[in-house]
Each structure stands twice: as structure tokens, then as C-alpha cells.
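# Secondary and tertiary structure notes
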Amino acid sequence: MAYRELINKIFHKGKEKMEDLEVYIENSKEIEIKVFNGEIDKYSISESGGLSLRGTNNGKMGYSYTEKIDESSIDMLINEACENAKYIDSEDEEKIFVGSDDYKEIKFHSEGLSTASIEEKIDLVKKLEIEALSLDKRVTSIQECVYKEFDKSRYIVNTKGIDLSDTLNGAAIYVAVIAKDGEDIKTGMGFRLIKDISQVDYKTIAKEAVHEAISSLGAKPIKSNNYPLVIKNTIFADLLSSFASIFSSDHVQKGMSLLKDKVETKIASPLLTIVDDPYLKDGFMSRCFDDEGTKTTYKKIVDKGVLTTYLYNWKTAKKDNVSSTSNGTRGSYKSSLSISPTNFYIEKGNNTFEELIGSIDNGVYITDVAGLHSGLNPISGDFSLSASGYEIVDGKIQRPINQITIAGNFFEVLNDIDAIGDDLEFGLPSLGYFGSPSIKINSISISGE
């Protein structure tokens, strides 16, 4: 490790003031390419990173960090961590982890991205834009056509013997189109999350974006009522992401989740199984250890409707007298430890998408929602979201609908799942990588005309 000498010096000097220490180093590189009208509209390569020090002092954990990873930062890091520890009021004990046995050795870094040239990536985005514009004359312009790539490395070393490192990369490519028919204007989007640009089918991405826009032209509201509905896979993944905090032990312990005291209790339809899988092939949050250095594990958080566990780091695990579930996470090297899932998804079911739609006589297929940050309450589970999609009549998708609001409660929705599709897809990653198949719900209140 290139940082070995620096880390040893931090530990040698830090031991004079602190009992145990941990260094966390993060480096990341991001590439963004945007095209507009066949020309490069934006091209940027940015690199960032830094070093975080954690240390225990009289039973309290102190944090400090720096962007300057060299010997000139050593004194500042140690002094600030010591000072920080003095002012911690919480009685919760936080410790440096001693390490796990038998870490898996899996490579999550894709050579298919790192070896592709910038010219190849630019060419791919340009082809995507040209294809999207060529498919239908009602597509009047491209709102966005973008390629984004990340490459991230982590190093965790502590005075208790942990010495770990890994790298992870991935990319997203997407196009948003604008379609117009008279005065009616609609947008549509197609995207892929990729690990190898040679396997990208840009024509399919363009086709999906154009179809979404064109098929939404002429949309009108539906009458207000309670309807059975199918929610698109990526939209339900976004909904799962917005409510993911209910599974955090920290939120449970603070009274911010209605799942308190519900472990080993039925909380959802027996059709529902939710998995946290850190070893998912091509997962954007795949890892062999968490940000505390704990060996990651595959686990079913909800198994056939029954809650099996919360997500833990070592701090919250100690409070419940259990082990960490290896979900200790840092938002960045500047952040203190928190909790988040890895690759978090609903297991696919046995129904095709066509079977889900075909099972509904009079209902709705939801393909988009707005207001996920303001229109829901993760504590109560209540939500009220602007939505659009299609009317379902006699088991077939009919006219497009918009200007409707779906309202309900997430916990009730989980219990009201009637069928699950076999079309598992993942949404754009945030603090976690969330996936879902299409989901059929027995009934949800829809406000329209």
C-alpha cells in the first residue's frame, strides 16, 4: 500500500494520546460526458479523496479528516480527533473493530470500463443521441444525453490488525427525450447501469426513451377511486429506497421506525422477500467488507413476509446485544459512521409482466412518480405522490394517464402485494443500490378527475 509509511507514523504518534486508532482513506475519480446536437456539451474528469482518522480516548470516539494526505497533516488529525472525543455526549460506546475471519476475495472492479478509451465513451453517447432523434418525428429534441462513470478505492487500517483495501467502478448512460404532438409535450427516459461499454445496446436504450415519451402523448386523468395497480419495477425500487431507513437499527432504536420490536414478525405479504446482497454480480454497492472492516454477508431482511433482522453497524449492534450485519457505512471520508444497505432488492417472483397486467380488469399501471423527497413520511409510512402511467382495461394497457395522485401507507402496501413479477431491475444508485421487479398491489387510492 502506497500509504503504509504515513499510516504507521499516524499510529505511532497517535498512540501517545489515544488507545486505538483507525485510518480510512478514500480516492475517487468521476467522468461525465454530455452531448447536445452531436457536439460535446460537457466533458469533465474530477478526482477527490482524503483521509479520516478515528480514535478512542477514555471510552469516547473522536473523528478528524483531511484532504491533504501527507505527513504535514499528522498533528492536526491527532489533535482534532482527541478534541472531538472530549465533547461527545452520547453514552453509546463506539469501538475500533478487531476484524473478521475469512474475508472473501472477490474482484468488483471491471476492466471493461477502465480499459475503454474516452473516445469510445464519447462515441457511444453520440450514437445514443442520434438514434433517439431518428426513431420518431415527434421527438423534437434531446433533453439530456449523458455518460457518467465512477472509480472508487478504499483503504481501512487500524491498530487492532485490520488491513483491507478494495476498488469498485461502474457507469450509467442515459437519454431523456422530448416528444411533441400539437400542444402536448411529454418526456421519456431510457438508461442502463453498466460495467462494460462493449455490451451496451444503445439502440434499445433510445427505443425505451422514445416509447415512454410517445406513448404518454394525449394523457388525461382517470376518475378518482380505489384501483388495483401494477407499479413499474424501477419505480418500486425508488419507493423502496425512500423507505429504506425503516430497516436501520439506528432509526429503530431512536423510535423513528414502526418496525420496532417486529423482528420475527410478519410485516408483509408472504410473497415478499427483501435481500441485502453485498456480493451481487455487477452490483454498484458490492463489497467484501463494510466501512468498519466487518466481513459482509448475504442476508434476507424480510423472508416471505417475516422481518428477520435490522441493519446494524457495531455501535447499534452493541445496544441490542447482537453482531453487526456489516452495514457500517461512511457517506465519504468526511463522514462519521452510519448505516445503509448494499445491494438491496426484492427477490423476483414467478409472474411475467404480461401476466401481472392481464390479471387486472380495471386498474392502473404506474410508470412514474414525483415527490419522493417531500410526498412521503418514512416514519409513519404515509405517502401521497403525483403519478402517471396507463389505464388497464380487460387485462390490457390502454390510454396514458397523468395528473393523478396515489396515496397510501407503505407498510399497508407491503401487506397488500398480490403478485410479483420476474423482471428485477435496479434504479440509479444513491446510498445503496435498490432493485425491484414489477409489483401488483390489490388496491390503492387514486385521485384524478
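A short tour of the structure in this document, coming up. (Residues numbered from 1 in each chain as written. Predicted model: local features only at pLDDT ≥ 70, side-chain atom pairs only at ≥ 80, totals over all residues. Heavy atoms only, no water.)

For the rest of this paragraph, the subject is helix α6 (residues 233–242). With seven of 10 residues buried, α6 lies mostly within the body of the structure. Here α6 has its buried residues at N233, T234, I235, F236, A237, L239 and L240. (Buried < 20%, exposed > 50% of the residue type's maximum accessible area, 1.4 Å probe, protein only. Helix = DSSP H or I, 4+ residues; strand = E, 2+ residues; numbered from the N terminus.)

Sheet topology places strand β5 (residues 163–181) next to strand β6 (residues 184–194); 11 bridges connect them, and they run antiparallel. Among the inter-strand pairings, A176 is bridged to a residue of β6, identified as M189. Between the end of β5 and the start of β6, which pair antiparallel, lie two residues, with G182 showing a positive phi angle near 70°. (Pairing = 2+ DSSP bridges.)

Before going further, it helps to examine empty space enclosed by the protein. All chains considered together, the criterion is met by two cavities of 30 Å³ or more. Lining the largest cavity are I231, I235, L239, V369, F383, L385, I406, V413 and I444. Put simply, the parts of the chain that give the lining of the largest cavity at least two residues each are α6 and β15 (382–393). Partitioning the lining of the largest cavity into residue classes produces nine nonpolar, no polar and no charged. Considering only enclosed or pocket space, the second largest cavity measures out at about 30 Å³ in volume. Around the second largest cavity, the lining residues are M285, R287, D290, S326, N327, G328, T329, S340, P341 and T342. The class makeup of the residues in the lining of the second largest cavity is two nonpolar, six polar and two charged. (1 Å grid on protein atoms, 1.4 Å probe; cavity = no way out; pocket = protein on both sides within 12 Å on 5 of 7 lines; lining within 4 Å. Points joined across faces, edges and corners; volume = space filled by probe spheres on them. Nonpolar A, V, L, I, M, F, W, Y, C, P; charged D, E, K, R; others polar.)

Next up on the list: the sheet that holds strand β8 (residues 274–276). Pairing within the open sheet is mixed, and its six strands lie in the order β10-β9-β8-β13-β19-β18. Each edge of the open sheet is held by one strand with a lone partner, namely β10 (306–307) and β18 (425–426). Note that β8 and strand β9 (residues 299–303) share three bridges and pair antiparallel. From the neighbouring strand, D276 faces β9, where its bridge partner is K299.

Now for the sheet that holds strand β1 (residues 21–36). With antiparallel pairing, the six strands of this open sheet are ordered in space as β3-β2-β1-β4-β5-β6. In the strand order of this sheet, the two ends are held by β3 (60–66) and β6, each with one partner. Across this sheet, the average inter-strand angle for adjacent strands is 20°, counted without regard to direction. Bridging between strand β2 (residues 39–57) and β3 involves seven bridges; their strand directions are antiparallel. Residue pairing for β3: R54 is matched across the bridge by Y63. With respect to the sheet, helix α2 (residues 74–86) is in contact with β2 and β3, its orientation differing from that of β3 by roughly 145°. (Axes fitted to C-alpha atoms, helices over the stretch in contact; angles between N-to-C directions. Contact = heavy atoms within 4.5 Å.)

Where strand β7 (residues 225–231) meets strand β20 (residues 439–447), six bridges bridge the pair, whose relative direction is antiparallel. Bridge assignment links V230 to a residue of β20, and that residue is K440.

Glancing now at the packing of aromatic side chains. Considering all chains together, one arrives at 13 aromatic pairs under this definition. Residues Y65 and Y333 carry aromatic rings whose centres are separated by 5.9 Å and whose planes lie at 80° to one another, so their mutual orientation is edge-to-face. Of this pair, Y65 sits in strand β3 while Y333 is found in the loop between β11 (328–329) and β12 (338–339), placing the two residues 268 residues apart along the sequence. Classification of Y333 as buried rests on a relative accessible area of 6%. In textbook terms, an aromatic cluster arises when at least three aromatic residues are bridged by ring pairs, as seen for F150, F284, Y345, F426 and Y433. (Phe/Tyr/Trp six-rings, centres within 6.5 Å; stacked < 30°, edge-to-face > 60°.)

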